[in-house]
Amino acid sequence: MAEGIVIRNAHFPGRAPIDAYGNGGFRFADMSHRGSILCLPSGIHGWEPEDTAALRPTDFDRVFQQTERIEILLVGTGRDLKPLPMPLRQAFREAGISADPMSTGAAVRTYNVLLAEDRAVAAALVAVD
């Protein structure tokens with residue numbers, strides 16, 4: 001009996017550098033993903049914040065579930081740097097996470113360097129065209 005197409009949440013179960021970004025997605029670990037991603041200690045996950053122009057603490061629930069393994073969170077806010085809203089900055093501060101917003105390109109480059117240094121880094125990367 002055929003089940004049809006099974007859609008699963010996008011997840012790569014490991015840490016990997018980001019090889020490329022643009023065209024609405026990312027390349028990593030010889031794969032590509034269309035859309036935004038979270039790079040966490042538990043792996044790389046597809047990420048769909050409700051409004052990338054107004055990120056909220058609930059957009060980062062998966063990050064807050066892994067706070068004991070994250071010291072630095074790089075937030076790639078798209079083509080340009082956008083400041084994080086005060087409620088989000090406060091939530092990160094309370095969780096003991098240093099959150100640094102920057103353009104997605106800068107966040108990808110910084111993430112790769114910190115990952116190579118085996119730092120407790122994570123990244124929330126908004127896809128860019």
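Look up a bit, the structure's there.
Note that this is a predicted model, so its numbers are computed, not measured.

Chemist: Sorry if this is basic, but what is going on with the sheet that holds strand β4 (residues 31-34) here?
Modeler: The strands making up a sheet associate through hydrogen bonds between their backbones, and the pairing can be parallel or antiparallel. The strand order across the open sheet built from three strands is β2-β3-β4, with neighbouring strands paired in antiparallel fashion. Where the open sheet ends on each side, the last strands, each with one partner, are β2 (18-22) and β4. Here the strands of the sheet are splayed against their neighbours by 15 degrees on average, with no regard to which way each runs. Sheet topology places β2 next to strand β3 (residues 25-28); four bridges connect them, and they run antiparallel. Within the sheet, the bridge partner assigned to Ala20 lies in β3 and is Arg27. Across the sheet, helix α3 (residues 104-116) is in contact with β2 and β3; its angle to β2 comes to roughly 180 degrees.

Chemist: Got a minute to help me understand the pattern of salt bridges in this structure?
Modeler: When charged atoms on two side chains of opposite charge get close, those side chains can pair. Applying the stated rule across the entire model yields two salt bridges. Between Arg56 and Glu50 there is a salt bridge, with the nearest N and O atoms lying 3.3 Å from each other. Residue classification places Arg56 among the partly exposed positions, given a relative accessible area of 35%. A salt bridge links Arg119 to Glu117; the nearest nitrogen and oxygen atoms lie 3.7 Å apart. According to the relative accessible area criterion, Glu117 is partly exposed, its value standing at 48%.

Chemist: Would you explain the nonpolar core in this entry?
Modeler: Soluble globular proteins tend to bury their nonpolar side chains together. Core analysis: the biggest nonpolar cluster contains 18 residues, and Ile18, Ile37, Cys39, Leu74, Tyr111 and Leu125 have the highest contact counts within it. Per-element tally for this core: the top contributor is α3, with five residues. Setting aside residues no more than four positions away along its own chain, Ile18 makes contact with Phe26, Arg27, Phe28, Ile37, Cys39, Ile44, Val108, Tyr111, Asn112 and Leu125. Core analysis: the next-biggest nonpolar cluster, separate from the first, contains 16 residues, Trp47, Phe92, Ile97 and Ala122 among them.

Chemist: Would you explain helix α2 (residues 86-95) in this entry?
Modeler: Along an α-helix, residues three or four positions apart point the same way, because every turn accommodates 3.6 residues. All buried positions along α2 are accounted for by Leu88, Ala91 and Phe92. One side of α2 holds all its buried residues, which, seen down the axis, span an arc of 95 degrees. Structural note: α2 exposes Pro87, Arg93 and Glu94 on the side pointing more than 90 degrees away from its buried face. In this structure, the buried residues of α2 make contact with α1 (61-64), β7 (72-76) and β8 (98-102). Phi turns positive, to about 75 degrees, at Gly96, one or two residues after α2.

Rules used in this analysis
Residues numbered from 1 in each chain as written. Predicted model: local features only at pLDDT ≥ 70, side-chain atom pairs only at ≥ 80, totals over all residues. Heavy atoms only, no water. Pairing = 2+ DSSP bridges. Helix = DSSP H or I, 4+ residues; strand = E, 2+ residues; numbered from the N terminus. Axes fitted to C-alpha atoms, helices over the stretch in contact; angles between N-to-C directions. Contact = heavy atoms within 4.5 Å. Salt bridge = Lys/Arg side-chain N within 4 Å of Asp/Glu carboxyl O. Buried < 20%, exposed > 50% of the residue type's maximum accessible area, 1.4 Å probe, protein only. Core = buried A, V, L, I, M, F, W, Y, C linked by side-chain atoms within 4.5 Å. Arc of directions from axis to C-beta.

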